[in-house]
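# A closer look at the structure
Residues per chain, in single letters:
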Amino acid sequence: PPRPQGPPPADRPDTGGCACAAQLAWSRLRHVGRGGMGRAMSHMTWPLRLVPVVLPPWWQALLISAMAMLAAAVPRVVALGPAFGLATTYPALVIVALYAGPRWAWLVLGIEFALTLAVPPPVPAAMARNLAVLMLLAGAVTVVVSTLLRQALVRLYETNQRQTAMKAALGRSEARLELAQ
């Protein structure tokens, strides 16, 4: 016999049961991952992703790196003045590592470190050097963690793709089995 289409049995008026929980579960099963307005979407089905599976071309990576550095540095320079360095650009490192990849994040960290050495904060020289090294270490940890997060999200996306393909193959197999019976 063909499988019933529509809501689960607990939600049908002739069977009774808890309609609310069954309907909620049914709507989640139908809508998750399909996209569209008013429907639940997983982060991997969004049309624009922060973590692309394939790294962008060099010009896009350069553009996002420059924009992230500017977005992080300009508010700090406006608020505190240029004498306070660029030590708070860690969110920019996260965005660059997730979107453009680890190479670009290391490059941005190197540029930020060089700029921090070129324009040290208004503290004694030894302290400024120590602060720059501390910024470099914290930035390196930020890049490593962001790179690991990117790798995990890409693996999750690939696993979801394989699962979707397996579900489609299973559905086709079940349809063939139903026809054969």
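Procedures and definitions
- Residues numbered from 1 in each chain as written.
- Predicted model: local features only at pLDDT ≥ 70, side-chain atom pairs only at ≥ 80, totals over all residues.
- Heavy atoms only, no water.
- Helix = DSSP H or I, 4+ residues; strand = E, 2+ residues; numbered from the N terminus.
- Buried < 20%, exposed > 50% of the residue type's maximum accessible area, 1.4 Å probe, protein only.
- Contact = heavy atoms within 4.5 Å.
- Areas by Shrake-Rupley, 256 points an atom, 1.4 Å probe, with all protein chains shown as cover.
- Core = buried A, V, L, I, M, F, W, Y, C linked by side-chain atoms within 4.5 Å.
- Expected span 1.5 Å × (residues − 1).
- Patch = residues over 30% accessible without salt bridge, like charges linked within 9 Å, V, L, I, M, F, W, Y side chains within 5 Å.
- Salt bridge = Lys/Arg side-chain N within 4 Å of Asp/Glu carboxyl O.
- pLDDT = per-residue confidence, 0-100.
- Axes fitted to C-alpha atoms, helices over the stretch in contact; angles between N-to-C directions.
- Parallel < 35°, antiparallel > 145°, perpendicular 65-115°, else oblique.
- Nonpolar A, V, L, I, M, F, W, Y, C, P; charged D, E, K, R; others polar.

From N to C terminus, the chain includes 5 helices and 0 strands. Along the chain direction, N to C, the helices and strands of the chain fall in the order α-α-α-α-α. Residue burial in the chain is summarised as follows: out of 181 residues, 25% are buried. Contacts in the chain between residues at least 24 apart in sequence constitute 60% of all its contacts with a sequence separation of at least 6. Surface exposure of the chain reaches about 12,200 Å², of which carbon and sulfur atoms provide 71%.

Attention shifts here to the nonpolar core. If you look at the biggest cluster of nonpolar residues, it comprises 14 residues, and the most contacted ones within it are L93, V96, A100, A105, V108 and V143. Of all the elements in the fold, those that place two or more residues in this core are α2 (58-80), α3 (90-99) and α4 (102-118). With residues near it in sequence (within four places) discarded, V96 still touches I64, S65, A68, G101, W104, A105 and V108.

Time to look at the side chain of T142. Summarising the element assignment, T142 is placed in helix α5 (residues 125-180). Judged by relative accessible area, which is 17%, T142 ranks as buried.

Taking 1.5 Å of rise per residue, the 23 residues of α2 would be expected to cover 33 Å, and the 33 Å separating its terminal C-alpha atoms lies within 8% of that figure. Residues of α2 that are buried: A61, S65, A68, M69, A72, A73 and R76. After α2 finishes, the residue G81 shows a positive phi value of roughly 95 degrees.

Take V143: it is sitting in helix α5. Sequence separation of V143 and L109 is 34 residues, and the distance between their C-alpha atoms is 8.4 Å.

Turning our eyes to something else, we now look at a nonpolar patch on the surface. There is a patch of nonpolar side chains on the surface, built from W58, W59, L62, L63 and M67 and spanning about 580 Å² of accessible area. Among the secondary structure elements, W58 is positioned in helix α2.

Among the structural elements, A97 can be located in helix α3. Spatially, the C-alpha atom of A97 lies 8.6 Å from that of V144, the residues being 47 residues apart in sequence. Excluding anything up to four places from it in sequence, A97 contacts P102, A105, V143, S146, T147 and R150.

Relative to the elements of secondary structure, T147 occurs in helix α5. Ignoring any residue separated from it by four or fewer positions in sequence, one finds T147 in contact with A97 and P102.

Further remarks concern the confidence of the model for the chain. The predicted coordinates should not be examined in detail at positions where pLDDT is low. The pLDDT averaged across the chain works out to 76; a share of 69% of its residues lies at or above 70. By mean pLDDT, the top-scoring element of the chain is α5 (91), and the lowest-scoring one is helix α1 (residues 19-31) (45). This model gives residues 6-41 a pLDDT under 50, and the stretch forms 32 contacts once residues within four places in sequence are excluded.

Let's shift gears to the packing of α4 against α5. At their nearest, the axes of α4 and α5 sit 10 Å apart, and the two run at 170 degrees to each other. Classified by the angle between their axes, α4 and α5 sit roughly antiparallel to one another. Residues P102, A105, W106, L109, E112, F113, T116 and L117 of α4 form the contact with α5, whose own contacting residues are A132, V133, M135, L136, G139, A140, V143, V144 and T147. A per-class count over the contact of α4 with α5 returns 13 nonpolar, 3 polar and 1 charged.

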